[in-house]
Amino acid sequence: TASTTGRVRLGLCDLTYVDGPLNNATIVYTGSTLGTLVPIASLTSNDCVMDFPVVAGTNYKIAVSGNIAGDFNFVLTLQAAPQPTNDNFADAQVVGPGLPLSAPGNNDFATTEAGEPNHGGYSPTSRSVWFKWTAGQTGAVRLKACSRDGQFFTSVYTGTLISALTEVGAREYFAPCSNYFDAVAGTTYMIAVAGGPFNGTHGPFTLDIHQVAIPGNDGFASAVNLGS
């Protein structure tokens, strides 16, 4: 029974399989009888934690089961899951404008807003946090939120409404934590760092933005003459 209204994290990370497939399902319900149960949140084998809203005084039923089959021993944990201060688009953390810049971040306990796009070319992303950067000068920029301990998805946008954003920049499929784009002085860019519905996509990271030095012979027409 929830003592306060807010968000709670349910964890099933301490789990030892005994027999059967390596999968499980955990579902949180409201309702006083089996026939009147209403599911409000579900956890699958892809991620060992899930965050969900609770209301003070409400009684929640939690069912832990093998998915199709599977026997296992486990420790069920519950803890408060306060949202990051820059969880919402409107509360984006301002960084810069000077480059290079390095800003710590953490998308643990973050949520996804209504109308929010997927980030980093992955669907569905979740647990997004937001940053706001206004370019001080025009030039090529590299943005990264990469970590050896986790997989993060980044996207860079222009726009003032979360439901009407225009994505800018380019990224590679194998490096969704990194973006490259041509910044324009005076333009404000909204930066999302998000996770996905599986382990290792939420936690601390460092947002890095720096100018890219374009080589003098980057263009075909500027090829260096090596002589004969």
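Residues numbered from 1 in each chain as written. Predicted model: local features only at pLDDT ≥ 70, side-chain atom pairs only at ≥ 80, totals over all residues. Heavy atoms only, no water.

Draft legend 1. Region of the structure containing the sheet that holds strand β13 (residues 170–172). Overall, antiparallel pairing links the 5 strands, which are arranged β8-β16-β10-β14-β13 in an open sheet. What marks the edges here is a single partner per strand, and that holds for β8 (101–106) and β13. Strand after strand, the sheet turns through a mean of 20° between neighbouring axes, direction not considered. Summarising the sheet, β13 and strand β14 (residues 175–183) pair through 2 bridges and their orientation is antiparallel. (Pairing = 2+ DSSP bridges. Helix = DSSP H or I, 4+ residues; strand = E, 2+ residues; numbered from the N terminus. Axes fitted to C-alpha atoms, helices over the stretch in contact; angles between N-to-C directions.)

Draft legend 2. Highlighting the pattern of salt bridges. Applying the stated criterion across every chain yields a total of 4 salt bridges. As a salt-bridge pair, D51 and R127 come within 3.8 Å of each other at their nearest N and O atoms. Placement of the pair is D51 in strand β4 (residues 49–54) and R127 in strand β9 (residues 126–134), with a sequence separation of 76 residues. Side by side, D51 and R127 carry an identical accessibility label, which is buried. Counted as one network, the salt bridges with shared partners bring together R9, D47, D51, D108 and R127. (Salt bridge = Lys/Arg side-chain N within 4 Å of Asp/Glu carboxyl O. Buried < 20%, exposed > 50% of the residue type's maximum accessible area, 1.4 Å probe, protein only.)

Draft legend 3. Local environment of the layout of surface pockets. Put simply, the largest pocket is a space of about 330 Å³. Among the residues forming the lining of the largest pocket, the class breakdown is 7 nonpolar, 7 polar and 4 charged. Lining the second largest pocket we find 15 residues, and of these T1, A2, S3, V8 and V54 sit closest to its centre. Within the residue set of the lining of the second largest pocket, elements represented by two or more residues are β1 (6–19), β4 and β6 (71–80). No other element matches β1, which puts 3 residues into the lining of the second largest pocket. Residue classes in the lining of the second largest pocket are distributed as 9 nonpolar, 5 polar and 1 charged. (1 Å grid on protein atoms, 1.4 Å probe; cavity = no way out; pocket = protein on both sides within 12 Å on 5 of 7 lines; lining within 4 Å. Points joined across faces, edges and corners; volume = space filled by probe spheres on them. Nonpolar A, V, L, I, M, F, W, Y, C, P; charged D, E, K, R; others polar.)

Draft legend 4. Summary view of the state of the cysteines. All told, the structure shown has 2 disulfides when counted by the stated rule. Across a sulfur-sulfur distance of 2.0 Å, C13 and C48 are joined as a disulfide pair. In this structure, the disulfide formed by C13 and C48 twists by about 75° around the S-S bond and is classed as right-handed. Here C13, found in strand β1, pairs with C48, found in the loop between β3 (38–44) and β4; they are 35 residues apart in sequence, far enough to count as distant. (Disulfide = S-S within 2.5 Å.)

Draft legend 5. Structural context of the environment of V38. Position of V38 among the secondary structure elements: in strand β3. Along the sequence, V38 and L101 sit 63 residues apart, while their C-alpha atoms lie 47 Å from each other. Every residue in contact with V38, bar those within four places of it in the chain, is listed here: V28, Y29 and T30. (Contact = heavy atoms within 4.5 Å.)

Draft legend 6. Summary view of a nonpolar patch on the surface. Nonpolar side chains collect at one region of the surface, where I62, F74, L76 and L78 lie side by side and expose about 330 Å² of accessible area between them. The element best represented in the nonpolar patch is β6, accounting for 3 residues. By secondary structure assignment, the location of I62 is in strand β5 (residues 61–66). (Patch = residues over 30% accessible without salt bridge, like charges linked within 9 Å, V, L, I, M, F, W, Y side chains within 5 Å. Areas by Shrake-Rupley, 256 points an atom, 1.4 Å probe, with all protein chains shown as cover.)

Draft legend 7. Summary view of unusual backbone geometry. G96 connects to P97 through a cis peptide bond whose omega is 15°. Take P97: it is sitting in the loop between β7 (93–95) and β8. Each neighbour pair has its own omega, and for L99 with P100 the value is 0°, a cis peptide bond. Along the polypeptide, P100 turns up in the loop between β7 and β8. A positive phi angle, close to 70°, is found at F109, a residue other than glycine. Position of F109 among the secondary structure elements: in the loop between β8 and β9. The exposure class assigned to F109 is buried, which follows from its relative accessible area of 16%. Of note, R127 is a non-glycine position whose phi angle comes to about 50°, a positive value. Under the relative-accessibility criterion, R127 is labelled buried at 9%.

Remember, this is a structural readout, not a statement about activity or role.
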